[in-house]
Structures are given as structure tokens and as C-alpha cells.
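Listed below are the residues making up each chain.
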Amino acid sequence: MVNTILVNSRTFSEQQSGPDAQPTGMSEWEYTEFVTRVGRAPTEVEQAVVHSLWSEHCSYKSSRIHFHHFPSTGTRSIVRSGENAGALDIGSGWAVVFKIESHNHPSFIEPFQGAMTGVGGILRDVFTMGARPFALLNSLRFGDLSLPLTCRLVREVVAGIGAYGNCVGIPTVGGQVAFDPAFSGNNLVNVFCIGLVRHKEIVRGAATGVGNIVILLGSLTGKDGVLGAVMASASFGDSITPLRPTVQVGDPLMGKQLMECCLALCADRLVVGAQDLGAAGLSSAAFELAARGETGILLHLDDVPVRTAPLTAREILLSESQERMLLVVEKKRWDKVQTICQHFDVPATVVGVVTDTERVEARFLGETVLNLPVQPIVSDPPLIHRPYVLAPPCKTTTAPEEPARVSVSTETALLNMLSHPDFASKQWIYEQFDSTVGNRTAIGPGSGTAVMWVPDNSTAIALSLTCDSHYCASDPYLGSFHAVLEGAREVTCVGAAPIGISDNLNFGDPTNPETMGQLVESIRGIGDACRALQIPVCSGNVSLFNQTGDVAILPTPTIAMVGILDQPVSLMRPGWKNEGDIIAVIGSTRTDCRYLNSYSRILFGNESDSVPPIDVETELTVMRTVRECIRNGWLQSVSTCTSGGLLPALTKETFQGEFDGFHITLPPNLDPTVALFGEGSGRFVVSISP
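Definitions and limits used
Residues numbered from 1 in each chain as written. Predicted model: local features only at pLDDT ≥ 70, side-chain atom pairs only at ≥ 80, totals over all residues. Heavy atoms only, no water. Helix = DSSP H or I, 4+ residues; strand = E, 2+ residues; numbered from the N terminus. Rg over C-alpha atoms; globule rule 2.2 N^0.38 Å. Buried < 20%, exposed > 50% of the residue type's maximum accessible area, 1.4 Å probe, protein only. Contact = heavy atoms within 4.5 Å. Domains from an automatic or database assignment. Pairing = 2+ DSSP bridges. Axes fitted to C-alpha atoms, helices over the stretch in contact; angles between N-to-C directions. 1 Å grid on protein atoms, 1.4 Å probe; cavity = no way out; pocket = protein on both sides within 12 Å on 5 of 7 lines; lining within 4 Å. Points joined across faces, edges and corners; volume = space filled by probe spheres on them. Nonpolar A, V, L, I, M, F, W, Y, C, P; charged D, E, K, R; others polar. Salt bridge = Lys/Arg side-chain N within 4 Å of Asp/Glu carboxyl O. Core = buried A, V, L, I, M, F, W, Y, C linked by side-chain atoms within 4.5 Å. pLDDT = per-residue confidence, 0-100. Parallel < 35°, antiparallel > 145°, perpendicular 65-115°, else oblique. Left-handed = near helix turned anticlockwise from the far one by under 90°.

Asker: Looking at this structure, how should I read the overall build of the chain?
Answerer: The secondary structure content of the chain amounts to 21 helices and 26 strands. A compact globule built from 690 residues would reach a C-alpha radius of gyration of about 26 Å, and the chain, at 25 Å, matches this within 12%. With the principal axes as the frame, the chain shows a C-alpha extent of 85 × 55 × 45 Å. Counting across all 690 residues of the chain, residues that qualify as buried make up 60%. When contacts within the chain are restricted to residue pairs at least 6 apart in sequence, those whose partners lie at least 24 apart make up 83%.

This is how it looks when you write it as C-alpha cells:
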């Protein structure tokens, strides 16, 4: 298929290669753009490297032009956008560093290794900045559970997440799992990590100081993952077998050693700049370090330790072998660096030097195989202005019509809802994860919100992952707005105030104008919601081409919400506390809560084309009120009341509490089905001592 695209100010025809192809060279427009920017034709190695650096996975070339909708700074912001992760001040000189990343394509091709390396990669993004990770969460989407393939994917993805997190000793404390046939050909694996660091010890990913040496730290370089960035920037075809060599292989033991080694080096102030080797491997790490430092880097590829010889220059530069870091250190401190690396049994090799050329140069076997200016390649990469079509917004000004009378009892409806994989207990998943290692976990898996103690400054951090893919399919703007607000509600339930988010934008093929329109509207919805909450989008990830053939996933902008609890003594835990407590709903209870989206989908297979409306001012007022009530000790329990409606929320509180049931009185003149299963925005179920 050929699409006409606008790259910066020039128009090109974009030839879509076959989904099973693995191109190593540039497309027509990339080649033309390269010659225009660099002034000459690329070498064979440069073609492969730039093709990876300009891939969707690395450059965000289709989405970046829309990021201006995001508020990127706030009162707590410490680092500017573009670093390895976001960082927010939490008081007393401490900061939290956090990010969410996807490993969707690899986790479908090789689910165990794909999930493992997804965890390893997000850990490196955090400890690269000198922060010690203290919690992991994951957001997973799978297809039809009646399919054997889906069952295998679930088992192996969960096992991979547990294998890495448990081995490195970082607790997995929460997440979200949902199922829909739209994900049968493309499961989603989004992993979030958060760490703690003192302000003065944050390490930037910048190569500064001309003459400083560049060190490659960690595992040996192999052929695994070569062209992984290119693989993750295309849709799947009929067969994924040829793509298996592009999936990285994880080593959690080396990951633990590398983490402790890097944190020790950062604590001793021996690191000038650091960058993990992820997508596009050594080439991307070198370019990113040079770009942020406004310097250049000279690499000696002959000095790179390899796992299996011989490797070509292209393979060395593009290998995505895991558990590797690129550090910039002062030459005079190399001996101290070596001593610490030897203590942790982590290989460390000098592979380059920082220069003043503002170019990345690579030499191999006596020849210069790559010599490119940093600014036109990664600092100002080509951006694609893709055409998009905005679907008409769903109607939310009035509630949908009353549901047709169907002979389904309340008991039958509730049992069907609770037995659906989306609502059923995920204990069989999270019991495979160590959620308490490190002794910081206040509230772990099983609740909508995880809470971690921060005894270093007497606060607590609340964490949640949210997104209703069905809402986003019906209305990408409103659905994304809902996802951010739901994250804020979740952290409010424990008494925390939202302070920032990281987002993972999971969508289908952006060459489809309808899909691109979904992405654009989702970005706009997230931005507007964050502005309403007065919090920044601190970091994030974009994962496109989540599509097999003509079947795309449901749009899934996963929101990782971070909240802070300044008075941990007022921490609210889930579940009923006392017999005889009064149950109440705070927020709208009638006109806005008649959307039977989950009820209709699960019981009758009907997808709703409507999304509950949002009254922003009411939302903010309700959340402030709930937090104030928690601080004053007026509430015994708090739960959000969104997906599935009131009755599933009440049942969940029962399961998490100490009592076997509850009694409620429904509002008069309201259909019982609507009252019990209607969905709306801005509601909390609370219990109060009489």
C-alpha cells in the first residue's frame, strides 16, 4: 500500500513493506530526507542505524507533533521532558522517578522473554537516573480466553513478569488486566516502575565534558534483538516466526548486579551521564547522550565485548542485548569505577570518548563506518504529519434510553459480571509476584490503588494504572479524559492527592486515518484532563502498529497515576470495617449514571457507542471533599464506583472487608438495573460510622 505523507514540509509517497519483511535499509523518504539533512549518501551501516533511529518506536515521528497538548511541567517537576524518566519533588530533598513503557510486540512473539525484558527495560530507565526502584505495576490486555493461544500468552507473560521482578527484588504491587477479542492478535504488556532518589543525586542522560570516557557496562553484546525497534514499528502479518530473532533475551541476575553497580557508582558521584541500551542498542544510547549533552561521541566498536564472534559493525551498533548501560565518567576516575564494577561482578569496558564535534562517529576494523551529525538525526528528527479523521463524538448530553426489559435477575446479572475475566479476581496472577519485598508496601495487589511507604521523608506514594479501552473506542477524547480522572479517583480513595502521570499510548496502524484520529484525540483528552487536575505528563511511551492484518486493538491509552499522601496516618484501606456502618454514595447518583456499558457488553454482547459525560468541576469538588473527609477521619472505607456500576463496587468492598454482606436502599423512581449497574463519572462508595 502507498500512502502520501508530509515529512516536515515535504511530501512523499510512503511504501508500506510487507508485515513479515525485515528491512535493514531506508525507505525512499528516509533516504531523501537523510541526503537533504546530511548532504551526502549514507553508508550501509548508516542506513541501518538511521532506519532504526527514525523508526516509529524510537523517534515517535507520527505522534510527537501532537505532544504540545500535554502539560509537561508542574510545581513539583524537577527534570525537563526528554529524560529517561520523569521526576517529581515529594519533599525533604527527595524525588520520585517514574515511567511506563510497553513491550507489546516482543511479548506476543516470545511472551516469556518479551515480558521479562519489558520489566528489565523499565527498571533501567529508572535507575539510570540514580533512583532506586521500589515498585513495579503492569497493565495487561489479552484476547479471547477461549483460544489456546490466549491462554498460553497469559501464562507466559505473567511468568515472565514474575521471573524478572522477583529475581531483582522489586515488588510488583498492582496493575490492571482486561480481555477482549480485539487483543487476540496483539496482546499489550505495559510496565510501570517508580524509584526514589535525592534531588542532588539525580543523574541526567547527557554526555558532557569533552575528553570524558564512555563505558559500556553489563552483559556482553550478542545478536539478539537486532532490528527490534524496526520490528516494533510494523503490524503483524500471517506469521511471526521470522520475527523471533528480533526479541531480546533477559538475564535478571545480571539485571540485579547491574542495578546495584550503577546505584553504587551514582551514590559515589562517579557518573557524569548515563543511558541504558534499549531500542536500537548502542547507536541510540550514544546519540541520545550526545544530543542531551550537545557534544559528540567517538565509539571504537572493536573494543565492544561480544558474546559470539564475529559480529558486524551493524550488529554491534543495533544489538538490543539486555542488561547493558552506557556511562560517561571522568578519565581520572576510571580506576574507582573499575573497582566498584569488579565488586559487583559487572563487566565494564571503555568503548569511546566524548568529543566537541556534535557528531557520533563509529570506527571498526580500522575504518569509519558511521559519522553523523547529532542534531539532524535525533535532536530534530523528521516528523510525519499523517492525515487523520476525527470520529464524531458520542452523544453524552442526555442519558441513553432505558434498557429493554430482559428477564435477567439481579443475582444472575451480578454473577455474570463478577465471573467475567475483566471483573473476576486477579489473585491467580498477582500471587505469582512478590509484592512485599523491600518492606515498603502498605497496600498491595487486589485493590485499585497500591500504596508504598517512603519512610525517608515520612510520606506515602499512591499508584494506579487505569484505562477503559471500550470507552476509548467509543470516544477517544472522552475515554482518555476518563482514564486520567479514574486514576485521580483511585489515589483519592486512599487519601492521596494526584501529582503527575506517565502515559502509554497503545494504538493500531497510524497510516489508517481513523486510527491516527483516535491517537490525536486521545492525546488531547489526556492533556485537557491533566490541565484540569493541574498535574503534568512527566514521561511516557507510544506504541503503534498494534495490529494484525486489518484487525487493530482497541485504543488503550494506559495512565499511570502517581499520588502523594502527606499524612500517612490517615491512609484509607479498602473494605468494610465495622458492622452497622452506613453506606453512602458521594457524587452524582441519578441522571449521569445510566450508562449500562459493561452490563450490556458482558450480559448481551452489545457494545455501547456512548460514554458517560464528565462534569469537571463536580469531579474536582468531589475528590477534594473525599480527601478532606479521609483526613478528618470521618470515613471508614472508600471505593470508586465506575466500571460496572454500584453493585459490583459494593461487592468488591465486601470481598476486601471483614463482613459477609450489605443492605442498601435504592433511589426511588429509578430503574433497579440502572441504579445497580449504571456507570457514571465522579462517584465514590463510602462507609461511615453512625
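Asker: Quick question: what am I supposed to make of the domain arrangement of the chain here?
Answerer: How big an interface is tends to be stated in terms of accessible area lost as the parts join. For the chain, the domain assignment lists domain 1 (28-59 + 204-236 + 247-379) and domain 2 (572-689). Taking only C-alpha atoms into account, the centre of domain 1 sits 50 Å from that of domain 2.

Asker: Please explain the sheet that holds strand 7 (residues 188-198) as it appears in this structure.
Answerer: Pairing between the strands of a sheet comes from backbone hydrogen bonds, and it takes one of two forms, parallel or antiparallel. Strand order in the open sheet formed by five strands is 3-4-7-5-6, with mixed pairing between adjacent strands. Single-partner strands in this sheet number two, and they are strand 3 (86-91) and strand 6 (172-179). Strand-to-strand, the axes of this sheet are offset by a mean angle of 20°, without reference to chain direction. The pairing of strand 4 (residues 94-102) with strand 7 spans nine bridges and is classified as antiparallel. Pairing of Ile 100 across the sheet is with Phe 192, part of strand 7. Packed onto the sheet, helix 5 (residues 111-127) meets strand 4, strand 5 (132-142) and strand 7 and runs at close to 25° relative to strand 7.

Asker: So what exactly am I meant to see when it comes to empty space enclosed by the protein here?
Answerer: Rolled over the atoms, a probe with the dimensions of a water molecule shows which regions are left empty. Taken as a whole, this structure holds four cavities of 30 Å³ or more when the rule is applied. The space that makes up the largest cavity amounts to roughly 60 Å³. Asp 468, His 470, Tyr 471, Ser 474, Asn 597, Ser 598, Arg 601, Asn 606, Glu 607 and Ser 608 are the residues that line the largest cavity. Put simply, the parts of the chain that give the lining of the largest cavity at least two residues each are helix 15 (469-474) and helix 18 (597-604). Among the residues forming the lining of the largest cavity, the class breakdown is one nonpolar, six polar and three charged.

Asker: So what exactly am I meant to see when it comes to the pattern of salt bridges here?
Answerer: Where side chains of opposite charge bring their charged atoms close, a pairing between them can arise. According to the stated counting rule, one finds 23 salt bridges in the structure shown. Between Glu 330 and Lys 332 there is a salt bridge, and its shortest N-O distance comes to 3.8 Å. Overall, the relative accessible area of 29% leaves Glu 330 in the partly exposed class. Look at Lys 332 and you get exposed, because its relative accessible area is 72%. With a closest N to O distance of 3.5 Å, Arg 601 and Asp 422 form a salt bridge. Note that Arg 601 is positioned in helix 18 and Asp 422 in the loop between helix 13 (410-419) and helix 14 (427-430), a separation of 179 residues in sequence. Each member of the pair, Arg 601 as well as Asp 422, is classed as buried. Each of Lys 99, Glu 101 and Asp 125 takes part in a single network of salt bridges with overlapping partners.

Asker: Please clarify how the sheet that holds strand 9 (residues 273-276) should be interpreted in this entry.
Answerer: Taken in spatial order, the seven strands of this open sheet run 9-11-8-12-10-13-14, and their pairing is mixed. In this open sheet, the two strands that pair with only one neighbour each are strand 9 and strand 14 (367-373). Ignoring strand direction, the axes of neighbouring strands in this sheet form an average angle of 20°. Strand direction decides the pairing type here: strand 10 (residues 296-300) and strand 13 (residues 359-364), joined by four bridges, are parallel. Bridge pairing in strand 13 places Leu 299 opposite Ala 362. Docked against the sheet, helix 8 (residues 252-267) engages strand 8 (213-218) and strand 11 (324-329), running at close to 145° with respect to strand 8.

Asker: It is not clear to me how the nonpolar core should be interpreted in this structure. Could you clarify?
Answerer: The tendency in soluble globular proteins is for nonpolar side chains to be buried as a group. Residues Leu 123, Leu 217, Leu 265 and Leu 327 are the most contacted members of the largest nonpolar core, which totals 58 residues. In terms of residue count, the dominant contributor to this core is helix 8 (eight residues). Sequence-distant contacts of Leu 265, defined by excluding residues within four places in its chain, comprise Leu 217, Leu 270, Val 271, Leu 327, Val 337, Ile 340 and Cys 341. Judged by nonpolar contacts, the second largest core, of 54 residues, contains Phe 70, Ala 496, Met 623 and Cys 629.

Asker: Would you mind showing me how to read the confidence of the model for the chain here?
Answerer: Interpretation of the predicted coordinates at a detailed level should be avoided for regions scoring low in pLDDT. For the chain, the mean per-residue pLDDT works out to 90, and 91% of the residues sit at or above 70. In the model, residues 396-405 has pLDDT below 50 throughout and makes 17 contacts with residues more than four positions away in sequence or in other chains.

Asker: Can you help me understand the packing of helix 6 (residues 148-168) against helix 8 in this one?
Answerer: A pair of packed helices is characterised by two quantities: the angle between their axes and the separation of those axes. Their axes nearest at 9 Å, the elements helix 6 and helix 8 cross at an angle of 40°. With respect to each other, helix 6 and helix 8 are oriented oblique. Our pair here, helix 6 against helix 8, has a crossing hand that is right-handed. Across the interface between the two elements, Ala 163, Tyr 164, Cys 167 and Val 168 of helix 6 pack against Pro 252, Leu 253, Gly 255, Lys 256 and Met 259 of helix 8. Residues that form the contact of helix 6 with helix 8 fall into these classes: seven nonpolar, one polar and one charged.

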